[in-house]
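# Notes for the structure review
Spelled out from the first residue to the last, the chains are:
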Amino acid sequence: SEMSFEWPWQYNFPPFFTLQPNVDTRQKQLAAWCSLVLSYCRHRKLYTLDVMEAQESPVFNNKKISRKLSVEAIQVVFEELRKKGNLEWMDKNKTRCLIMWRRPEEWGKLIYQWVSRNGMNNSVFTLYELSNGDDTESEEFHGLEEWMLLRSLQALQAEGKAEIITMDDGKGVKFF
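Residues numbered from 1 in each chain as written. Predicted model: local features only at pLDDT ≥ 70, side-chain atom pairs only at ≥ 80, totals over all residues. Heavy atoms only, no water.

Considered as a void within the structure, the largest pocket measures approximately 160 Å³ in volume. What lines the largest pocket is a set of 13 residues, among which Leu46, Thr48, Leu49, Ala54 and Ser57 lie closest to the centre. Contributions of two or more residues to the lining of the largest pocket are made by helix H1 (23-44), strand E1 (48-50) and helix H2 (51-54). Across the lining of the largest pocket, the residue classes tally to eight nonpolar, two polar and three charged. (1 Å grid on protein atoms, 1.4 Å probe; cavity = no way out; pocket = protein on both sides within 12 Å on 5 of 7 lines; lining within 4 Å. Points joined across faces, edges and corners; volume = space filled by probe spheres on them. Helix = DSSP H or I, 4+ residues; strand = E, 2+ residues; numbered from the N terminus. Nonpolar A, V, L, I, M, F, W, Y, C, P; charged D, E, K, R; others polar.)

One frequently used descriptor of interface size is the decrease in accessible area upon assembly of the parts. By the assigned domains, the chain splits into domain 1 (9-99) and domain 2 (104-175). Once you take the C-alpha centre of each, domain 1 and domain 2 turn out to be 30 Å apart. Between domain 1 and domain 2, the contact holds seven residues from the first and eight residues from the second. Here domain 1 packs against domain 2, burying approximately 630 Å² in sum over the two surfaces, 51% of which is carbon and sulfur. Together, Lys45, Tyr47 and Leu98 form the three largest contributors to the area buried by domain 1 at its contact with domain 2, with a combined 70%. At the surface where domain 1 touches domain 2, the tally comes to two salt bridges. For the salt bridge of Arg151 with Glu88, the shortest nitrogen-to-oxygen distance reads 2.9 Å. At the junction of domain 1 and domain 2, the tally comes to two residue pairs in polar contact (both at pLDDT 80 or more). (Domains from an automatic or database assignment. Contact = heavy atoms within 4.5 Å. Buried area = accessible area lost by both parts, 1.4 Å probe. Salt bridge = Lys/Arg side-chain N within 4 Å of Asp/Glu carboxyl O. Polar contact = N/O pair within 3.5 Å; in protein donor to acceptor, adjacent residues only side chain to side chain.)

Let us look at unusual backbone geometry. Even without being a glycine, Lys45 presents a positive backbone phi close to 50°. Phi at Lys94 takes a positive value of approximately 55°, unusual for a residue other than glycine. Along the chain, Lys94 turns up in the loop between strand E4 (87-89) and strand E5 (96-99).

Counting residues in hydrophobic clusters, the biggest one holds 56 residues, and the most contacted among them are Phe60, Phe78, Leu81, Leu130, Leu153 and Phe175. Here this core gets nine residues from one element, more than from any other, and that element is H1. Every residue in contact with Leu130, bar those within four places of it in the chain, is listed here: Ile111, Trp114, Phe125, Thr136, Phe141, Leu149, Leu153, Val173 and Phe175. (Core = buried A, V, L, I, M, F, W, Y, C linked by side-chain atoms within 4.5 Å. Buried < 20%, exposed > 50% of the residue type's maximum accessible area, 1.4 Å probe, protein only.)

You can see Leu127 is positioned in helix H5 (residues 127-132). In this structure the C-alpha to C-alpha distance between Leu127 and Leu153, which are 26 residues apart in sequence, comes to 9.5 Å. Among all residues touching Leu127, those that are not within four sequence positions of it are Glu146, Leu149, Leu150, Leu153, Lys171 and Gly172.

Within the structure shown, the criterion is met by 18 aromatic pairs. Where Phe17 meets Trp33, the ring centres are 5.3 Å apart and the plane angle is 85°; that geometry is what we call edge-to-face. Here Phe17, found in the segment before H1, pairs with Trp33, found in helix H1; they are 16 residues apart in sequence, far enough to count as distant. In this structure, Phe17 and Trp33 share a single accessibility class: buried. Judged by centre distance (5.9 Å) and plane angle (65°), the rings of Phe60 and Phe78 are edge-to-face. Within this pair, whereas Phe60 is found in the loop between H2 and strand E2 (61-62), its partner Phe78 is found in helix H3 (residues 71-83), the two being separated by 18 residues in sequence. In terms of burial, Phe60 and Phe78 fall into one category: buried. (Phe/Tyr/Trp six-rings, centres within 6.5 Å; stacked < 30°, edge-to-face > 60°.)

Below is the structure:
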């Protein structure tokens, strides 16, 4: 819920919603925005963002102090997240993006820890079982969107810890 999310102090500080002209100040400000966007998306388990919708989202629109970040400024924040490897544009016009509050390698590591912890190496899973199965309900990767799940498994495949396989009903994965 919104209530349990902890907003950083800057969020109630009106100048935070205007990009600062001073280079050093702006760097700190962008770092704070990036961190806020990632922790908010993580809290809400959001994996895709729309730039126009984002402007109305509580993260960029603080109704209590009547301040919102402009669409231009949101794009600057998103561009910063892209440089850090946490965001990828889905279209040429940069209207929608994939948001990665955890990079694929980090998700891969979590999934592999779960597999090893449960002694399931050498087992085969469907992607659905991993992201939506009863066995993974208490895991952080439960509910992971398929594009991100595939990328995390590709990262594990590159490390030789898994192999993505084609099955009758789509894709599966075998862990080593």
